[in-house]
Amino acid sequence: MKNSFAARQLRNWFLFGALLIVVASVLYANRLASRLAYEERRKMEIWADATREFILADENTNVDFVSRIIEGNTTIPVIMTDSAGRYLLSRNFKEPRDNADEFYRKKIEKLKDSQEPIEVRVGETVQYIYYEDSTLLKQLQYFPYIQFSLIFVFILIAIFTLSVVQKSEENRVWVGLSKETAHQLGTPISSLYGWEELLKSKYPEDELIPEMGKDISRLQTIAERFSKVGSEPELKAAELAPMLERTIEYMRTRTSGKVKFDTDGLMGAEGIEVMMSEPLLEWVIENLCKNAVDAMDGAGEIKFNVTRDGKKVNIDVTDTGKGIRDRDFSKVFMPGYTTKKRGWGLGLSLAKRIVEEYHGGKITVLNSELGKGTTFRVQLDTDTDNSI
């Protein structure tokens, strides 16, 4: 949990830093764009003055100097019109081959709406100069958005990478914990088997010794389950009904008589085969049953229902417990999430890993109502070639 919290904190700081970069870039780019726009306006005013001087030129006018100013504008598109707004001349526009007059008319109308023209007065004659932003200025104005897009893509990649690293770290923790648990259980289980054989030889008529043997076998099954976590499980085609009946019967014998198990819905599982690792899927059903018992505070009803939907089989486990809020539907499968005063909150998380990662299925909260109960659904692919 601490690692998850640290990862979230790192992600939040990373997003905050990226946001600061974007804001700073936008502000700086806008400042540069404003300065460049001001400089271009000044250049156009000088260009307008040069144009006026060229029109009024006489023998005392340095025409070469004025011409160099006019010809020096190679980047800013400019249009000159008369007082009525009719096109006179242009510079730095890519003129179309056809309908040039219509092209310039639309340009003039657009520029009229976006800027104040520069007035060129020659005697009683008034002309106007309109201009567009240069390519450099346009690129500078678009730059923050391009940069934002690149940073956004970078953030997505970084978040994905952090998630993969975090998940990989969680997997290593899961596998290490599971393998160590299986290892630690091995020695006492072997010892218990020895004590069982000794007791059988001394008290062959004792009825409790076989029951003790069942619990020892159960411990061996649990150790086997933990040993399989992190390893590629061996999936075999097997009938679903026997596995469900066996697991439910085991839970019934170890649960309070105040909990009723309704198995009428298991009839839908008859004849259906799925590719499964029986020890692991039994673990899933057990965890769902234990979760249901806890939600009902040890008294209520657990109902099982199996339905087939094309190539899918649905196993629904419904309890009459406290229910789950809608916003918590996805949280219940997160490691560490629990509403109990005791417990690590790993049961449903393990169930999700077993169903989705090992069996290619899906486990969800199908529906829930506060104070009335919850239905969990496990969906698996059927082994259609072997189904009866």
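Everything numeric here is computed off the predicted structure, so don't read it as measured data.

Caption draft 1: View of the packing of helix 7 (residues 278–295) against helix 8 (residues 347–358). Between helix 7 and helix 8, the shortest axis-to-axis distance is 9 Å and the interhelical angle comes to 145°. Along this stretch, helix 7 crosses helix 8, giving a crossing that reads as left-handed. Across from Leu-280, Leu-281, Trp-283, Val-284, Asn-287, Leu-288 and Asn-291 in helix 7, the residues of helix 8 making contact are Gly-347, Leu-348, Leu-350, Ala-351, Ile-354, Val-355 and Tyr-358. Looking at the contact of helix 7 with helix 8, its residues break down into eleven nonpolar, three polar and no charged.

Caption draft 2: Here's a closer look at a nonpolar patch on the surface. A contiguous nonpolar surface patch, about 480 Å² in accessible area, is contributed by Phe-148, Phe-152, Val-153, Leu-156 and Ile-157. If you trace the backbone, Phe-148 turns up in helix 4 (residues 135–202).

Caption draft 3: The arrangement of the sheet that holds strand 11 (residues 373–381) in detail. The five strands lie next to each other as 6-8-9-11-10, forming an open sheet whose pairing is mixed. Each of the sheet's edge strands pairs with one partner strand only, and the pair in question is strand 6 (259–265) and strand 10 (362–369). Strand-to-strand, the axes of this sheet are offset by a mean angle of 20°, without reference to chain direction. Strand direction decides the pairing type here: strand 6 and strand 8 (residues 300–309), joined by five bridges, are parallel. When the sheet's bridge partners are listed, Lys-260 is paired in strand 8 with Glu-301. Relative to the sheet, helix 6 (residues 240–253) contacts strand 6, strand 8 and strand 9 (312–319), its axis offset from that of strand 6 by approximately 165°.

Caption draft 4: Geometry of the pattern of salt bridges. Per the stated rule, a full pass over the model turns up 23 salt bridges. When the shortest N-O distance is used, the salt bridge between Arg-42 and Glu-45 registers 3.1 Å. You can see Arg-42 and its partner Glu-45 sitting in helix 1 (residues 2–55), three residues apart, about one turn around the helix. Looking at Arg-42, the relative accessible area reads 39%, which means it is partly exposed. Where Arg-246 meets Glu-282, a salt bridge forms, and the shortest distance between an N and an O atom there is 2.7 Å.

Cut-offs and rules
- Residues numbered from 1 in each chain as written.
- Predicted model: local features only at pLDDT ≥ 70, side-chain atom pairs only at ≥ 80, totals over all residues.
- Heavy atoms only, no water.
- Axes fitted to C-alpha atoms, helices over the stretch in contact; angles between N-to-C directions.
- Helix = DSSP H or I, 4+ residues; strand = E, 2+ residues; numbered from the N terminus.
- Left-handed = near helix turned anticlockwise from the far one by under 90°.
- Contact = heavy atoms within 4.5 Å.
- Nonpolar A, V, L, I, M, F, W, Y, C, P; charged D, E, K, R; others polar.
- Patch = residues over 30% accessible without salt bridge, like charges linked within 9 Å, V, L, I, M, F, W, Y side chains within 5 Å.
- Areas by Shrake-Rupley, 256 points an atom, 1.4 Å probe, with all protein chains shown as cover.
- Salt bridge = Lys/Arg side-chain N within 4 Å of Asp/Glu carboxyl O.
- Pairing = 2+ DSSP bridges.
- Buried < 20%, exposed > 50% of the residue type's maximum accessible area, 1.4 Å probe, protein only.

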